[in-house]
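# Observations on the model geometry
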Amino acid sequence: MNIATTKLVGDPPSFGLSTPAHIMVLIVCAIAAGFLLRLLRRRQLRGKYTLLWIVTGVVVLAIATFPGAIDRVARSLSIYSPPNALFLLAIAFLLLICVYFSYELTRLEERTRFLAEELAILRGEMLATETKPNPAEWPVTHD
Amino acid sequence: MAVVTSALYRGYPDYPGVVTSPDTNTELPRESRVRRSSELVIIPAWNEQDALPGTLTELQRVRPDLDVIVVSDGSTDDTAAIARSFGVMVAELPFNLGIGGALQTGFRYAVRHGYQRAVQFDADGQHDPNEIATLFAALDAGADMVVGTRFGEGGTVEYRVGPVRRGAMNVLRVMMNTMTNSNFSDTSSGFRAFDLAVLKLFAQTYPVEFMDSTESLLQVCNAGLRAVEAPTVIRERQAGTPSTRHFRLVFHYLRLIVTMIAQWSFRRPPALPTPGSDS
């Protein structure tokens, strides 16, 4: 996708995109943004996740528009090849997102489990009381 | 939404879009004794329709004084209906949660209904109801949790395990004993008794993944409660298949070790330090 415009000899090469690549990135970003907004409108994606991906898209767009930024980041991190700096940051970001999703999953599983347990108890109690002529005879102490 | 499997939500006929076979037995027998005692037997059961009648019959014959809750852990067979026909409390989980979730359902029920003690009892007939007295005796002696062990002296070694599994269990045992500064001979037993303090702890948080017993033992010790073991007879399984496939076992074994180390490294000091003693 990205084409280094200088040869990989001597000084760190400058990192830039050709015009067709620029246009491609813009189109992909626009499509992705449209898709995300569609999901949001259909309530298939929570607002906070849409925001997360929109912001990610904006960052990608900014990098595509100003490739010089990555050059500077790479130089400040002493990374020889700017694309490697980009990959490093991207992978770190994606890993963080994965950990965050694991956390969210755990929380969701916990809540689902709690609900299932409560449902099982309530349903069992309901069936047990239904068949009793007088519920008062079934001493239940609620804390 | 299409019906994935009608068995998945068995017992929940109102679940939208799911067609279930009608629950044939929701009536409790006349002499139903759902709530009578202050002591509860918690029986987690996952597809145990073959073993459950024998287990419940024996339990009600030997210990008619105890209340029973059968937690059907998303069973797709007639486990819940069979349990109900014995007049015991039945909690039916809508889907399979694993042993931890099934047990916690029992713990939560016990605490909510003011039970003072509870016994965890296997549905498959491994445990002898006569041994419940052994566990309760240890609770009487001041323990908060009693583990009925397989290999302790006095306990009959009728239960045979392979060398690999035995070795793995030994590693766990040594880790456990080092972490809790105690001397358990078997940490994975599913025949246990709990007092109210432990029930309240477990009703709030209980390890929900496989190999829950070792993890929960560590949890009890870390909470400053007293766990002991009592040698008991554990029989061969009557029916059903052991819930242990090798791949799964190895995964959960490693997971457990990581969890134990994490829990141990964040352990709290004993809840009530004894005044005057710095040892």
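Look up a bit, the structure's there.
Residues numbered from 1 in each chain as written. Chains lettered and ligands numbered in written order. Predicted model: local features only at pLDDT ≥ 70, side-chain atom pairs only at ≥ 80, totals over all residues. Heavy atoms only, no water.

## Observations regarding the nonpolar core
Residues and elements named next belong to chain B. In this structure, L40, I69, F107, M145, F194, F202 and M260 are the most contacted members of the largest nonpolar core, which totals 45 residues. With six residues, helix α3 (residues 99–112) is the largest single contributor of residues to this core. Excluding residues within four positions of it along the chain, F107 makes contact with I42, F194, L199, F202, A203 and Y206. In terms of nonpolar packing, the next biggest core, distinct from the first, is built from 28 residues, L135, F136, A138 and V146 among them. (Core = buried A, V, L, I, M, F, W, Y, C linked by side-chain atoms within 4.5 Å. Buried < 20%, exposed > 50% of the residue type's maximum accessible area, 1.4 Å probe, protein only. Helix = DSSP H or I, 4+ residues; strand = E, 2+ residues; numbered from the N terminus. Contact = heavy atoms within 4.5 Å.)

## Some remarks on the pairing of strand β6 (residues 192–195) of chain B
Residue and element names in this part refer to chain B. Of the two faces of β6, the one holding R192 and F194 and the one holding A193 and D195 are both buried throughout. Here four bridges tie strand β4 (residues 117–120) to β6, and the two strands are oriented antiparallel to one another. Of the residues in β6, the one forming a bridge with Q120 is R192. (Pairing = 2+ DSSP bridges.)

## Section: the sheet that holds strand β2 (residues 67–73) of chain B
Residue and element names in this part refer to chain B. Across the sheet, which stays open at both edges, the seven strands sit in the order β3-β2-β1-β4-β6-β5-β7 with mixed pairing between neighbours. The open sheet is flanked by β3 (89–93) and β7 (227–231), the only strands paired with a single partner. Adjacent strand axes in the sheet meet at a mean angle of 20°, parallel and antiparallel pairs treated alike. Across the sheet, helix α6 (residues 196–204) touches β4, β5 (145–149) and β6, and the angle it forms with β6 is around 95°. (Axes fitted to C-alpha atoms, helices over the stretch in contact; angles between N-to-C directions.)

## A few points about the pairing of β5(B)
Residue and element names in this part refer to chain B. Burial analysis of β5 places five of its five residues in the buried class, the great majority of the element. Neither face of β5 is open: one carries M145, V147 and T149, the other V146 and G148, and all of them are buried. Of the strand pairs in this sheet, β5 and β7 are connected by five bridges, and their pairing is parallel. Counterpart to V147 in the pairing with β7 is E229.

By themselves these figures say nothing about function.
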